[in-house]
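If you want the building blocks of each chain, they are given just below.
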Amino acid sequence: RLERLQRIVSKLQMESGLCEEQLNQADTLLQSDIRLLNAGKAPQKAAEIERDLDKADAMIRVLFNDVQTLKDGRHPQGEQMYRRVYRLHERLVAIRTEYNLRLKSGAPVAAQAPAPLGQRPRQELDDATLRYLQDLLAWVEENQRRLGAAEWGVDLPTVESHLGSHRGLHQSIEEFRAKIERARADEGEMRGQGVRAQPIPAPPPQNSSKSRLRHLESLHAFVSAATKELMWLNEKEEEEVNFDWSDRNPNMTAKKENYS
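Everything quoted here is computed from the prediction, not taken from an experiment. (Residues numbered from 1 in each chain as written. Predicted model: local features only at pLDDT ≥ 70, side-chain atom pairs only at ≥ 80, totals over all residues. Heavy atoms only, no water.)

S.K.: Explanation requested: the pattern of salt bridges in the structure shown.
M.R.: Scanning the model with the defined rule gives 10 salt bridges in all. Note that Asp 57 is salt-bridged to Arg 96, the shortest N-O span being 3.5 Å. With a gap of 39 residues between them, Asp 57 in helix H2 (residues 46-72) and Arg 96 in helix H3 (residues 78-104) connect regions that are remote in the sequence. Taken as a pair, Asp 57 and Arg 96 share a single burial class, namely buried. Here the salt bridges share partners, and the residues they tie into one network are Asp 54, Asp 57, Arg 61 and Arg 96. (Salt bridge = Lys/Arg side-chain N within 4 Å of Asp/Glu carboxyl O. Helix = DSSP H or I, 4+ residues; strand = E, 2+ residues; numbered from the N terminus. Buried < 20%, exposed > 50% of the residue type's maximum accessible area, 1.4 Å probe, protein only.)

S.K.: How should I be thinking about the packing of aromatic side chains in this particular structure?
M.R.: We describe a pair of aromatic rings using the distance from one ring centre to the other and the angle between the two ring planes. Counting across every chain of the model gives 4 aromatic pairs. Ring plane angle 55 degrees and centroid distance 5.8 Å describe the contact between Phe 64 and Tyr 82, whose orientation is recorded as tilted. Note that Phe 64 is positioned in helix H2 and Tyr 82 in helix H3, a separation of 18 residues in sequence. When the ring of Tyr 82 is compared with that of Tyr 86, the centres are 6.1 Å apart and the planes differ by 10 degrees; the resulting orientation is stacked. Placement of the pair is Tyr 82 and Tyr 86 together in helix H3, with a separation of 4 residues, close to one helical turn. (Phe/Tyr/Trp six-rings, centres within 6.5 Å; stacked < 30°, edge-to-face > 60°.)

Encoded structure:
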């Protein structure tokens, strides 16, 4: 079983590297096309970018399945591999979002903001907004699932590992609020222009994340204190086991006083 799980770890390491290269390639092509747009020229690599993003998407789905196998098997690298694949997923969402909102809508990056919604072609607006909202929904659902399945740890090292991992996730959730607010602003502007808007997804699992963070911090404080007490008990146990309890020991009087 351990050999099988270790083969999955090796597979994850290799294929996550390939996926990262795929995303790098898509991002390079995207930035090249955005520069063309800013220069008033037509983009040249849209089809290639979409193919690269779709390939990366398919790879990440397989990687998440492999990661789940590791976690089900309680492999020590399961959480580490999860974070690695999750970062790839976040980057995929970021690149796809920039592609949909910048390239497909034709908005120049130099303007530092998308063109007013009422001035964009309606079909391009609907397509870009729909894909963007789908990415937001996927992000919310994935993190809600992750929070629901998260473990707490059984000792100080595992509790510390879960606490550190969740602090990173919680920071991502806090930063995600800006994307939700931007999507809601777009929705309001679309409705004001008479455009049929897609429903904005519910806010990310912020309350669940805050609650888990608070409980993990409380658990960590308790386990830290309990661990110190257990270490003290172990030291005392070692001392008693190694003590010379024979009548020849001149320290017996001091030991009796200590016990009293």
